[in-house]
Amino acid sequence: MSRRARRGAAASVLTVGLALPAPVAAHALGGTFQLPVPLWLYLVGAAVAVGASFVVTSAVVRRDQPDAPAEYATRPLAVGGSSLARGVLRVLGLAWWYGAIAVGFLVGDISPLPAVLFWIGIWVGLPIIAVLIGNPWPSLSPFRSTFGIVEWTARRVGIHRVDAGLRYPVALARWPAVALLAAAIWAELVLPGRDAAGTVAALMLAYTVLTVVGMGLVGQIAWLRHAELFEVELAWFGRVGALARRSASPELCEGCGEACDPRRCLDCPECSTAADDGERDVVLRPWIVGLTDVTRAGWSDAAFIVTTLAGVSYDGLEDTAFGASLLSVLLPPVQALFGLTSTTFLVLDTLALVVVIAAFMAAFLVIVSIAHALARSDRRRPLAEKAGVYAATLLPIAGGYVIAHYLTLVIQGAVWLPSLLVDPLMSLAPVLDWIPTALVWYLSVVSIVGGHIAGIVLAHRLAVRDAPSRAVVAGLPMVALMIGYTVLSLWIIAQPIVVEPGLGPGA
């Protein structure tokens, strides 16, 4: 590499670092933690724990498991005040979403409130709530509430249907949601000025218009289930959480023509289970087990989940030496086209993000293809369906990594928010020096390793269901993928917060 290219690489890395959004910098932590043992020992120990979980699961899970998902105990929660709670959440969702837009346009870029409400509260806060507790979005969604208001108003004037009645193309599956997810990740990590109040408000307003128009064309249910980014994302993460919505009785799904349990119907455009959640019962279930309900999924589901995982990982990789090396490799051809300009840095970051997402997708496709070939059973599902269902086993991993990566940022936003609501111009974020950095590190380790162990158990149950006699062999590729990702995730998390024994923070 020429001297000019090396200077350009250094300049680009510096510019990218300076352009990172202020609320996200260093995940709201500024300290370091002296590891009691070398980092490699932590990584090896975590990999061994994940591998050992596969050995234990292989010995415990029975091979005569039926094709249907396993039943599990649920406990209905008290319904008193549930209507009031839903009403409060709907009002909160409307105020949260449209309030951020209003502040962004009326107050201007001097206020950090829209960025805190959206990037911290909605983008990373709600997935953590969905993983730890359950999915609040059906009641919180401003789009459901907005469309409900439009329908109510239309009925008052004698109009009984407000959508155009177009049929959602089944072949599109959830690819619109995948495209919107990729665009949102790009906006979070690459878009210049992404924390500016005006930019956040413009993004939220544009997404509102797109969503309302989509529901108006193909109907509320079809658009929400297939194209609304937060509906799809939080529904997936909500399957990890302990709270779930359940219908009192199975319903006839117009899409698949079967009497199906609403928790298991994932892919029907006209499925009535996606309608207003007012008639749903809230039940308590063990964590993670909601993912055993996933029996129908496809390529778009796999792409959505893997892209989610890759996006969070790229956010961490930006702070590592590998991230700097990747930028330096991509810089020369980009600089040759655009020179050393702001466009160069924008294209450079975009290419780096595309490379990471493509690498994650390629690794997943290779692993699933090998597992599919090793199954060699008459009972094995088609590759597209297998990819979607196996991708669901990555959700505990994604959830654990989101907690490890963003929890302190969400805490910072929660501490900051009351002051911002009183004074939207308060731009100084609170310092979380009262949270021990060691606690953050160990919580990250537990979240990541625990998520991978849960993913191993789920993947092995699927292997048993597909090929009972070859479950161990067919499950080995997913074990290798999850062990590799365990090591990668812990290494990424460790970079900004830990120092190995014998090294000072300066080293």
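The rules behind these values
- Residues numbered from 1 in each chain as written.
- Predicted model: local features only at pLDDT ≥ 70, side-chain atom pairs only at ≥ 80, totals over all residues.
- Heavy atoms only, no water.
- Helix = DSSP H or I, 4+ residues; strand = E, 2+ residues; numbered from the N terminus.
- Buried < 20%, exposed > 50% of the residue type's maximum accessible area, 1.4 Å probe, protein only.
- Areas by Shrake-Rupley, 256 points an atom, 1.4 Å probe, with all protein chains shown as cover.
- Phe/Tyr/Trp six-rings, centres within 6.5 Å; stacked < 30°, edge-to-face > 60°.
- Lys, Arg positive; Asp, Glu negative; His and termini not counted.
- Salt bridge = Lys/Arg side-chain N within 4 Å of Asp/Glu carboxyl O.
- Patch = residues over 30% accessible without salt bridge, like charges linked within 9 Å, V, L, I, M, F, W, Y side chains within 5 Å.
- Bend = angle between axes of the 7 residues up to and from the residue.
- Polar contact = N/O pair within 3.5 Å; in protein donor to acceptor, adjacent residues only side chain to side chain.
- Core = buried A, V, L, I, M, F, W, Y, C linked by side-chain atoms within 4.5 Å.
- Contact = heavy atoms within 4.5 Å.

Draft legend 1. Structural detail: the overall build of the protein. Within the protein, the secondary structure is distributed over 17 helices and seven strands. The 507 residues of the protein split such that 52% are buried. In the structure as shown, the protein presents an accessible area of about 21,700 Å², 70% of it carried by carbon and sulfur atoms.

Draft legend 2. Molecular detail of the packing of aromatic side chains. One pass over the full model with this rule turns up 16 aromatic pairs. On the numbers, 5.5 Å between centres and 85° between planes, the contact of Tyr-42 with Trp-441 is edge-to-face. Of this pair, Tyr-42 sits in helix α2 (residues 39-60) while Trp-441 sits in helix α16 (residues 437-466), and the two are 399 residues apart along the sequence. Each of the two residues, Tyr-42 as well as Trp-441, counts as buried. Through pairs of rings, three or more aromatic residues link up here, namely Trp-97, Phe-118, Trp-119, Trp-123, Trp-137, Phe-143, Tyr-207 and Phe-230.

Draft legend 3. Up close: helix α10 (residues 229-238). Along α10, nine of the ten residues are buried, which leaves the element largely enclosed by surrounding structure. Taken together, the buried positions of α10 are Leu-229, Phe-230, Glu-231, Val-232, Glu-233, Leu-234, Trp-236, Phe-237 and Gly-238.

Draft legend 4. Inspection of the side chain of Arg-194 at higher detail. Looking at where Arg-194 falls in the secondary structure, it is placed in the loop between α7 (175-189) and α8 (197-218). Despite its burial, Arg-194 pairs with no opposite charge, the nearest such side chain being Asp-195 at 5.8 Å.

Draft legend 5. Spatial organisation of a nonpolar patch on the surface. Taken together, Phe-105, Leu-106, Val-107, Ile-110, Leu-166, Leu-205, Val-209, Val-213, Leu-217 and Leu-425 make up a surface patch of nonpolar side chains, about 930 Å² in accessible area. At four residues, α8 tops the list of elements feeding residues into the nonpolar patch. The residue Val-209 is located in helix α8 in this model. The partly exposed category is assigned to Val-209, whose relative accessible area is 47%.

Draft legend 6. The arrangement of helix α4 (residues 113-132) in detail. By the largest-angle criterion, Gly-125 marks the main kink of α4, which is about 45°, and a proline, Pro-127, follows within four residues. By the criterion of burial, α4 is predominantly enclosed, with 18 of the 20 residues buried.

Draft legend 7. Seen up close, the side chain of Arg-174. Inspection of the secondary structure puts Arg-174 in the loop between α6 (142-156) and α7. For Arg-174, the side chain forms a polar contact with the main-chain oxygen of Arg-225, separated by 2.9 Å.

Draft legend 8. Highlighting the nonpolar core. With 123 residues, the main nonpolar core has Trp-97, Trp-123, Leu-229, Phe-230 and Leu-394 as its most contacted residues. Top element by residues in this core is α4. It accounts for 14 residues. Excluding anything up to four places from it in sequence, Trp-123 contacts Phe-118, Leu-181, Ala-184, Ile-185, Glu-188, Leu-229 and Phe-230.

Draft legend 9. Spotlight on unusual backbone geometry. A positive phi angle, near 45°, is found at Ala-173, a position not held by glycine. Position of Ala-173 among the secondary structure elements: in the loop between α6 and α7. Phi is positive for Ile-288, which is not a glycine, with a value near 75°. Here Ile-288 shows up in the loop between β6 (281-284) and α11 (299-317).

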